[in-house]
Amino acid sequence: MDLVFNLLPAAVPYWLRVGLAGVVCAVILITLMALGPIAYVYVETKIAGFMQDRIGPKRVGPHGLLQTVADALKLMFKEAIYPAGADKLLFILAPCLVVVGAFLSFVVLPFSSRLQAVDLNVGLFYVVAVSSISTVGLIMAGWASNNKYALFGAMRSAAQIVSYEIPAVMVLLTVVMMAGSLSLQDIVWAQAGGLSRWFLFRYFPLMPVAFVIFFTAGLAECNRAPFDIPEAESELVAGFHTEYSGFFFAMFFLAEYTEMFVVSVVASVLFLGGWMAPLPMLQQLGPVGLGPIWLLAKAWSLVFVMMWLRWTLPRLRVDQLMYVAWKVLLPIAMVLVVVVGGLVLWSPTASGFPWDRWAGWILAPLLVAYLAYMIVAARRWSARRTREMAA
C-alpha cells in the first residue's frame, strides 16, 4: 500500500491517494483469494496424476485448465443444505470464520521491503495469534452440524492444531533470538548478505532441524497428509465438514489452500531469507527489485513439497500423531531453544571462534540419536498396543 501511495503524484489529494492505494490492495487480495486456491487445486490434481501414473484433468479447457474454474462455479451456485437440528447461525458463521482466520495473516506478510500492508513490531506473534482463529471455526462447524461424526472431526482437529502449535512456537523462538525482533521485516533484514546468512544455514545443522519441525507442524495445522486425521474419510465420513455443501463446503478448502501458502511464506521469511535473493547481486534487477518474485518462488516450492508429501506418505493414526507432537517434536524443539539461545547469548561470532560453523555438529548427533530412540520407542509402543487390542 505504501508503494502505491508513493507512486501517485504529490498533486493528488491525500485522501484520494489513500483511497486509490486501498482499492489496489483490495484488488490484489481478491485476486489472491480467487485465483490462488483455484491454481493450487489444478496444480495438485496434475501432480497427483503424475505421481499416480495418471493424466489428471484434460477435458474442460486446454489441458484441463478450466476444470477447477468449472468446479468453483458449480459450488458457488449449488444449493446450501442445512441439516435438521443444526444451529443455522453458527453453521453459516463457521466457514466464514475459518476463511477470515486464514487471510488475516496477509496483513503482516512482507513480500518486499516496501510491499507490506503493516510492519508490526510483533508481526510474528500476530501470525501465531490469528492462525488460531480457524480452530474456533472448525469446532463451531462440528458443533453446529448436529452430527456426531462432524463433532468428532472437529475435536480431532482442535487437539491436533493445539498440539502441533506448541513445538512450532518453540522453534520460532530460535529465529526470534537470532534476529532480536518479532518484526518479519527485521527477521528478513537479519538474513541479508546472501545464502550463507539465511537462518536455515546458521548453526548448521541445528537450524535445518528447526526448519523441519516448523514445516511438519505447519502440515499438521493445515490438515495436510500425513496429518489429515480430521478429514479421515475411512473413519469420519468427511470430518468437521460432513454436513456442508455448496459454497460453504468450498470455503473450507479455500482456507486450507490459503493456509498452505501462508505457512510456506512464513517458513520462507523465517528460514530462507524472505524476499532476499540467494546472491546480493541478484536482488535489484528492476525498478522495484525482484523481492516478491523471490519470496513467491520459495513459497511455491514449499507448497509443492506439501502436495508431494500428500501422495507419498500414508495417514497416521490419532495416537501416532499425538505421540509425534508431544514426545518427539516438542522435546527436540525445547532442546533447540536452549542450545541456540545459549549460542546467541554467548555471542560466538564476537569471540573470534567459528562456533556457528562447527558447534552445531557437536550437538546435532545428540538430537539425531534422541530422535532415532523416540522413533524406535514409538514403534514398540504401537506394536504393544496392537497386541493388547487383539488379545
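That block above? That's the structure.
A. Seen up close, the pattern of salt bridges. Applying the stated criterion across every chain, the model contains 3 salt bridges. With a closest N to O distance of 3.0 Å, Glu44 and Arg310 form a salt bridge. Separated by 266 residues along the polypeptide, Glu44 in helix α2 (residues 14–51) and Arg310 in helix α12 (residues 291–310) bring together distant segments of the chain. For Glu44, a relative accessible area of 3% translates into the label buried. Residue Arg310 is classed as partly exposed on the basis of its relative accessible area of 35%.

B. How the structure looks around the nonpolar core. Core analysis: the largest hydrophobic core is formed by 89 residues, its most contacted members being Tyr164, Leu184, Ile187, Met207, Phe214, Leu270 and Phe271. Ranked by residues supplied to this core, first place goes to helix α11 (residues 246–271) with 16 residues. Aside from chain neighbours lying at most four places away, what touches Leu270 is Leu124, Leu172, Val175, Leu184, Ile187, Gln191, Phe199 and Phe214.

C. Quick peek at helix α7 (residues 148–179). Taking 1.5 Å as the rise per residue, α7 with 32 residues should run 46 Å; its terminal C-alpha atoms sit 46 Å apart, in good agreement. Of the residues that open α7, the one with a side-chain oxygen 2.7 Å from the backbone nitrogen of Tyr149 is Asn147. Of the residues trailing α7, Gly180 is marked for its positive phi of about 75 degrees.

D. The arrangement of the packing of α7 against helix α13 (residues 318–346) in detail. For the pair α7 and α13, the least separation of the axes is 8 Å and the interaxial angle reads 15 degrees. Taken as axis vectors, α7 and α13 run roughly parallel relative to one another. The crossing of α7 and α13 is left-handed. Class assignment of the residues belonging to the contact of α7 with α13 gives a composition of 23 nonpolar, 4 polar and 1 charged.

E. Highlighting the side chain of Thr174. With respect to the helices and strands, Thr174 occurs in helix α7. Here Thr174 falls in the buried class, since its relative accessible area comes to 1%. Setting aside chain neighbours within four positions, we find Thr174 in contact with Met207, Ala210, Leu336, Val337 and Val340.

The rules we used
Residues numbered from 1 in each chain as written. Predicted model: local features only at pLDDT ≥ 70, side-chain atom pairs only at ≥ 80, totals over all residues. Heavy atoms only, no water. Salt bridge = Lys/Arg side-chain N within 4 Å of Asp/Glu carboxyl O. Helix = DSSP H or I, 4+ residues; strand = E, 2+ residues; numbered from the N terminus. Buried < 20%, exposed > 50% of the residue type's maximum accessible area, 1.4 Å probe, protein only. Core = buried A, V, L, I, M, F, W, Y, C linked by side-chain atoms within 4.5 Å. Contact = heavy atoms within 4.5 Å. Expected span 1.5 Å × (residues − 1). Polar contact = N/O pair within 3.5 Å; in protein donor to acceptor, adjacent residues only side chain to side chain. Axes fitted to C-alpha atoms, helices over the stretch in contact; angles between N-to-C directions. Parallel < 35°, antiparallel > 145°, perpendicular 65-115°, else oblique. Left-handed = near helix turned anticlockwise from the far one by under 90°. Nonpolar A, V, L, I, M, F, W, Y, C, P; charged D, E, K, R; others polar.

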